[in-house]
Structure formats: C-alpha cells, structure tokens
Amino acid sequence: MSHSYEDSLLIVGGGIAGSALARALQRKDLPFRIIERRRTPFDGGLAINLPGNAIQALSALGLREQIEKFGHPLRRREYRTARDKLLFQVDEDAFWGPALRPRSIRRSALLSMLAAGLPEASLLYNADVQSMTLHSTHAELGLADGTNLATRLVVGADGVRSTIRTEAFGTVLGPGHALLAEKSWRFMAPNPGVDCWTVWAADEGVVLLMPIDDREVYGWAAITRPLSRGDSPEALDWLTRQFPERVRRTVLDVLARPNALYHSPLEEVRLNRWHNGRAVLIGDAAHATAPVWAEGVALALEDAIVLARALSTICDELPALADFEAQRRSRVAHVQALTDAMSQAAKLPAFIRNALFPFIGPKRYRQTYEPLKTAV
Ligand SMILES: Cc1cc2nc3c(=O)[nH]c(=O)nc-3n(C[C@H](O)[C@H](O)[C@H](O)COP(=O)(O)OP(=O)(O)OC[C@H]3O[C@@H](n4cnc5c(N)ncnc54)[C@H](O)[C@@H]3O)c2cc1C
C-alpha cells in the first residue's frame, strides 16, 4: 500500500464534469489531478444534444471554434404524435440566436475537446476510487489497487452512481428513478431523413431522433408505461410498430445489429447539500436529471465554471465551496422543476396530451430555457 499527499485538488471522475473542471482550473492556473476508473481517455460513440446554454459554457471554456467545427447545428425542434402529426415546433435559431445555436455532437468528440491540452501527468486512468475519509484538514482517498491519496480538497465528478456522494453523505442518498420512465435505450443509426431534433410520442412510450450529420442519427427511446413485455428489445419493436415508417425503419436497423442498442437506466439525484467538509459534488453526482430538456451536460459545464471561479477568487477553500453551491442552487432547481412538469405532461393519455401540447409545449420550452440564456 502506498501513501502520497497531493497539493493539487483531486477530481474523481474524468467524464464531462471532471474534464470541464480541469480545463476551467487550468485556465486559472490552479493545480488539479483527475482520477478516472476507465482505462482509456474517451467514452463510446453515442451522441448528445447541447442546448444554447451548453454552447455558452463551452465558449467560456475557450471552445467556441471547436464546437462550431465539430458540432452539428440543430435549428428546430419538432414534437409529433405516433402517427406523425406535428403538435408543435420550436425555431431554435430564432430563440437562441446564431451565437448560441444548439448542436448535436458525439460524446467522444466533446470529451476529447474538453481534455485537449490538459497535462498528461494530471490524468490518472485505470484508477478506481473505492473509499474516502474526511478530516478537518484534508481528505483521504482509497484506490482499488491499494494506493491511498491525501489532499486538501476532493471534487466528486463521478456520475450518477457517485462513490464520493456515498462516502460524503451516506448510502441513503443513492439515485432514484426518474418520473418520466425508469429505463431507456440509446443508439446510433443511418439517418432516415431527419433534419432536426424530432420526438414522436405514443401512449406507451417515446422515440427521439436527432441528426449527427446528414448520414447518421442519434436515437433515444423510452417506455413510459409499464408493459407486460417489460423493457426488452421486443418492447421497443412492439412500441414502434405504430410509429411512422422512417422511425420504424431506423429501429429495425438497430434491432438487427447485435450490440447497437445501449440500455440506459433513467436515474435522478436530488440532494439538499452538495458539499460536506473537504468534499464537493458536481455534475450528475450532485444533480443527475432525466434528459427531458437535455440539460445534464450544460449543468455539468456550468458547475465547472462556477466552482473554478469560486476557488480562484475566495482564498479559503471551504467558504469557496459554500459560495459555489449558493450560486448554483436556483438554476439547478429550475431545471429539476421543469423536468418534472414536462415528464408529467408527457405521461398524460395521448388524447389529452395531443390537445394540450400545441399550447403548453412552446410555453414550457420558453419557460425552461429563457432563464438559462443568462451566462453563469
Ligand atoms: C439516456 C440519457 C440521455 C442523455 N442525453 C443527454 C443530452 O442529450 N444532453 C445532455 O446535456 N445530457 C444528456 N444526458 C445527461 C448527461 O449524459 C449527463 O448529465 C452527463 O454525462 C454528466 O456528466 P458527469 O461528468 O457528471 O458524469 P459521467 O459522464 O457519468 O462521468 C463520470 C465519470 O466518473 C468516472 N467514475 C465513476 N466512478 C468512479 C470512481 N469510483 N473512481 C474513478 N472514476 C469514477 C466514470 O468512469 C466517468 O468517466 C443524458 C443522460 C441519459 C441517461
């Protein structure tokens, strides 16, 4: 067993929140080290939707040119019935303006963009944190290989099943299921001619298709009512029999390819505190939220910016953590409340939802995103 003391802040988790924090700290000349359990730097090939406030945060992290180069512009959102009737659409270009135009991007591209230029010595891969002990002057991390690290400050950026959260707050605060659905699937497929973020909803479930480029779409599907078929691929097959031909074709293409369908539980984390002593949580570890408004990445990026700023401007670290949390609470609570509101609306019987959505849909969109246009 080896012991070492770090002057650097230790970031547990090198996903989106951890890499963004490292980048934000580097821009402020603050020392850090990322401890990541994956063996390789980047995630698999799935994709993500970045609303305007995520674009704004990426610009603040110095990545404006990169996101314009590698992100695919999403100019419109469409909400449709299972029979392809358009319930409402949102002109995202008009809402956000060209500077904050939403984009889709592969996760691997986003992660490599965030990690570009971080010193290699500051990244420790294949390192699984299994325990943390908090002391008044420092925190100790125990790694799976027997290494112990001690440091002044630990940031838990270790996702929805966070070890740091469990260690700092106790096992009772595990993730809970999202209101919208418990499980979902994600996949990539040939683009069947979808040119914007498009969701189709039936009584039993939803399918979203979003172009990554002219050739490929990212798909997300969820069963929103308990089915006797459970959540097997057969349930997805059954659900999409009533969907339009372009959705059906895409799902059949995915079902025909073993390993093309990724099962994703929908879990949420709602805590009334994000810091305890010398440990603080950011990103999904603090506030994982169902992807109803695609705000997970944006909130993680904003957390990173606000935490790095608090640590660079407030000399004492513990008040800096309290300041970080105070700055972030209301924005995260806003996204959580609007996620619940839209999840409840999405679960209404189709005949009610189809009558209401043309009115409440555009309103909810504005209500959700308008306050998020203000930079953090
Ligand atoms: C189905 C689905 C679709 C989504 N779609 C969108 C979308 O379109 N747009 C959007 O903005 N958000 C979306 N999200 C949410 C988004 O994926 C998350 O908010 C985002 O990935 C959070 O980043 P994070 O860095 O906090 O956590 P993660 O990305 O989970 O990263 C955590 C990292 O910590 C590492 N780690 C974990 N435990 C340990 C440990 N003990 N020791 C060392 N390392 C550890 C992991 O290996 C991982 O690299 C979606 C989520 C789901 C489930």
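Rules and cut-offs
- Residues numbered from 1 in each chain as written.
- Predicted model: local features only at pLDDT ≥ 70, side-chain atom pairs only at ≥ 80, totals over all residues.
- Heavy atoms only, no water.
- Helix = DSSP H or I, 4+ residues; strand = E, 2+ residues; numbered from the N terminus.
- Expected span 1.5 Å × (residues − 1).
- Buried < 20%, exposed > 50% of the residue type's maximum accessible area, 1.4 Å probe, protein only.
- Phe/Tyr/Trp six-rings, centres within 6.5 Å; stacked < 30°, edge-to-face > 60°.
- Lys NZ or Arg CZ within 6 Å of the ring centre and 35° of its normal.
- Contact = heavy atoms within 4.5 Å.
- Domains from an automatic or database assignment.
- Buried area = accessible area lost by both parts, 1.4 Å probe.
- Salt bridge = Lys/Arg side-chain N within 4 Å of Asp/Glu carboxyl O.
- Pairing = 2+ DSSP bridges.
- Near = heavy atom within 4 Å.
- Polar contact = N/O pair within 3.5 Å; in protein donor to acceptor, adjacent residues only side chain to side chain.
- Areas by Shrake-Rupley, 256 points an atom, 1.4 Å probe, with all protein chains shown as cover.
- Nonpolar A, V, L, I, M, F, W, Y, C, P; charged D, E, K, R; others polar.
- Patch = residues over 30% accessible without salt bridge, like charges linked within 9 Å, V, L, I, M, F, W, Y side chains within 5 Å.
- Core = buried A, V, L, I, M, F, W, Y, C linked by side-chain atoms within 4.5 Å.

### Here we look at helix 10 (residues 296–313)
Between its first and last C-alpha atoms helix 10 spans 26 Å; for 18 residues at 1.5 Å apiece the expected length is 26 Å, and the two agree. Taken across its 18 residues, helix 10 has 14 buried, putting it largely inside the fold.

### Focus on the packing of aromatic side chains
As enumerated under the stated definition, the model contains ten aromatic pairs in all. On the basis of an interplanar angle of 50 degrees and a centroid distance of 5.4 Å, the ring pair of Tyr-79 and Trp-197 is categorised as tilted. Note that Tyr-79 is positioned in strand 6 (residues 76–81) and Trp-197 in strand 16 (residues 197–201), a separation of 118 residues in sequence. Here Tyr-79 matches Trp-197 in class, with each residue buried. Ring pairing ties together the aromatic residues Phe-95, Trp-96, Trp-293, Tyr-365 and Tyr-369, which thus form one cluster. For the cation-ring pair, Arg-329 lies above Trp-274, with the distance from its terminal atom to the ring centre recorded as 3.9 Å. Of note, Lys-373 hangs over the ring of Phe-95, and the distance from its end group to the ring centre comes to 3.9 Å.

### Some points on helix 1 (residues 16–27)
An ideal rise of 1.5 Å per residue puts 16 Å on twelve residues; helix 1 measures up with 17 Å between its terminal C-alpha atoms. Looking only at helix 1, the buried set comprises Ile-16, Ala-17, Gly-18, Ser-19, Ala-20, Leu-21, Ala-22, Arg-23, Ala-24 and Leu-25. In this structure, the buried side of helix 1 is in contact with strand 2 (9–12), strand 3 (32–35), helix 5 (107–115), strand 13 (154–156) and helix 10. Of the residues one or two after helix 1, Asp-29 is the one with positive phi, at around 60 degrees.

### A word on the domain arrangement of the chain
What the domain assignment reports for the chain is domain 1 (2–74 + 102–178 + 268–349) and domain 2 (183–264). Contacts between the two partners involve 15 residues from domain 1, matched on the other side by 16 residues from domain 2. In this assembly, domain 1 packs against domain 2 so that about 1,300 Å² is buried in total across both faces, 61% of it on carbon and sulfur atoms. It is Leu-46, His-72 and Arg-106 that lose the most area in domain 1 upon contact with domain 2, and together they represent 38% of the buried surface on that side. A salt bridge links Arg-106 to Glu-216; its shortest N-O distance comes to 2.4 Å.

### What about the sheet that holds strand 8 (residues 103–106)?
Ordered by their spatial adjacency, three strands build an open sheet running 4-8-5, and the pairing between neighbours is antiparallel. In this open sheet, the two edge strands, each paired with only one partner strand, are strand 4 (47–50) and strand 5 (72–73). Summarising the sheet, strand 5 and strand 8 pair through two bridges and their orientation is antiparallel. Of the residues in strand 8, the one forming a bridge with Pro-73 is Arg-103.

### Quick look at the site of the ligand
Inspection of the region around the ligand gives 32 residues, with Ala-17, Glu-36, Arg-107, Asp-284 and Val-297 positioned closest. Between Ala-17 and the ligand, the recorded distance is 2.8 Å, taken from a backbone N or O atom to an oxygen atom. Note that an oxygen atom of the ligand is positioned 2.8 Å from one of the backbone N or O atoms of Val-297. Burial of the ligand by the protein amounts to 88% of the accessible area it has alone, namely 1,000 Å². When contributions to the shell around the ligand are tallied by element, the ones reaching two or more residues are helix 1, strand 4, strand 15 (183–190), strand 18 (216–223), strand 19 (262–265) and helix 10. Here the residues of the shell around the ligand are counted per class, giving 14 nonpolar, nine polar and nine charged. Lining the shell around the ligand are residues from two domains, each supplying at least three of them: domain 1 (2–74 + 102–178 + 268–349) and domain 2 (183–264).

### Here's the deal with the sheet that holds strand 3
Note: strands within a sheet are paired through backbone hydrogen bonds, in either parallel or antiparallel orientation. Taken together, six strands build an open sheet; the order of strands is 9-3-2-13-22-21 and the sheet is mixed. At either margin of the open sheet sits one strand with a lone partner, and together these are strand 9 (123–124) and strand 21 (275–276). Bridge count between strand 3 and strand 9: two bridges; the pairing is parallel. For Ile-35, the partnering residue across the bridge sits in strand 9 and is Leu-124.

### Here we look at a nonpolar patch on the surface
On the surface, Phe-351, Ile-352 and Leu-356 cluster together to form a nonpolar patch covering roughly 290 Å² of accessible area. You can see Ile-352 is positioned in helix 12 (residues 350–369). Take Ile-352: its relative accessible area is 31%, and that puts it in the partly exposed class.

### So, the nonpolar core
By size, the foremost hydrophobic cluster in this structure holds 108 residues, and its most contacted members are Leu-21, Leu-50, Leu-110, Leu-141 and Leu-301. Per element, the largest residue contribution to this core is twelve residues, and it comes from helix 10. Split by domain, this core shows at least three residues from each of two domains, domain 1 (2–74 + 102–178 + 268–349) and domain 2 (183–264). In contact with Leu-141, other than residues within four places in its own chain, are Leu-10, Val-12, Ile-35, Val-129, Ser-131, Met-132, Thr-147, Asn-148, Leu-149, Val-154 and Ile-164. Core analysis: the second largest hydrophobic core is formed by 20 residues, Ala-221, Phe-243, Val-247 and Ala-260 among them.

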